[in-house]
Amino acid sequence: LDKSVPGTTVAEYEATLRKLYTVSTVEGFWSVYNNIPDVDKLNVRYTYHLMRDERRPVWEDKANCNGGNWRLKCHKFESKKVWKELLLAGIGEQFSDNLLEGDEIGGISISIRDRDDIFHIWNTKALLHEEATVIDKVKELLPDVNFAAIFYKAFQTHQAFEGDKYKSNWKG
């Protein structure tokens, strides 16, 4: 969980991160999912992340730094359904056939905003995203959802990417 504050450094951002739980089984996932506030109860500018292994939800994490994410914007009334389907697809490895060999989904996030919420599907190899069919899979899973925007962003191309000058202090 984090609270986004525009214009912060990576270190300042990481200071806002809170690791809520670690899960390693489907039962553990459901135990957490059923006992944390639903996304429609989160305040604006907060983000839930489900990250693979011990990855931190920062672009500069060594497992993320060569990757990027697909960003999907949808209406708030759809967010709860979209979040659940994306989580289930992520933990169920449903995106595996939609990625090129050597790439993987590293995490899934939802950022609560004033009007529309933003979903992030993190992958580890930005150079392989153009041939991936992850968005086709999302549309297959959620055929009735009208996403207001869909695009991909490689982390290293973002002006805020701190790359080699960044040293993590995160203990989560």
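Keep in mind that what you see is a predicted model, and the values were worked out from it rather than measured. (Residues numbered from 1 in each chain as written. Predicted model: local features only at pLDDT ≥ 70, side-chain atom pairs only at ≥ 80, totals over all residues. Heavy atoms only, no water.)

(A) Structural detail: the pairing of strand E4 (residues 105-111). Of all seven residues making up E4, seven are buried, and the element is well covered by its neighbours. The sheet contact formed by strand E2 (residues 46-51) and E4 spans five bridges and is antiparallel. By the bridge assignment, Thr47 is partnered in E4 with Ser111. Bridge analysis of E4 against strand E5 (residues 116-123) gives six bridges, and the strand direction is antiparallel. Paired with Ile108 across the strands is Ile121, a residue of E5. (Buried < 20%, exposed > 50% of the residue type's maximum accessible area, 1.4 Å probe, protein only. Helix = DSSP H or I, 4+ residues; strand = E, 2+ residues; numbered from the N terminus. Pairing = 2+ DSSP bridges.)

(B) A look at a nonpolar patch on the surface. Together, Leu20, Tyr21 and Val23 make up a nonpolar patch on the protein surface, roughly 250 Å² of accessible area in all. Considering the arrangement of structural elements, one finds Tyr21 in the loop between helix H1 (10-16) and helix H2 (26-33). For Tyr21, a relative accessible area of 51% translates into the label exposed. (Patch = residues over 30% accessible without salt bridge, like charges linked within 9 Å, V, L, I, M, F, W, Y side chains within 5 Å. Areas by Shrake-Rupley, 256 points an atom, 1.4 Å probe, with all protein chains shown as cover. Salt bridge = Lys/Arg side-chain N within 4 Å of Asp/Glu carboxyl O.)

(C) Seen up close, the packing of H2 against helix H3 (residues 76-91). In the contact formed by H2 and H3, the axes pass within 12 Å of each other and the chain directions differ by 160°. Put simply, H2 runs roughly antiparallel to H3. In this structure, H2 meets H3 at a crossing whose hand is right-handed. Taken together, the residues of H3 that come into contact with H2 (itself represented by Phe29, Trp30 and Tyr33) are Trp83, Lys84, Leu87, Leu88 and Ile91. Considering only residue class, the contact of H2 with H3 consists of seven nonpolar, no polar and one charged. (Axes fitted to C-alpha atoms, helices over the stretch in contact; angles between N-to-C directions. Parallel < 35°, antiparallel > 145°, perpendicular 65-115°, else oblique. Left-handed = near helix turned anticlockwise from the far one by under 90°. Contact = heavy atoms within 4.5 Å. Nonpolar A, V, L, I, M, F, W, Y, C, P; charged D, E, K, R; others polar.)

(D) Summary view of the environment of Leu50. Here Leu50 lies in strand E2. For Leu50, a relative accessible area of 24% gives the class partly exposed. Sequence separation between Leu50 and Thr9 is 41 residues; the distance between their C-alpha atoms is 22 Å. Apart from the residues lying within four places of it in its own chain, the contact partners of Leu50 are Trp83, Leu87, Ile91, Gly106, Gly107 and Ile108.

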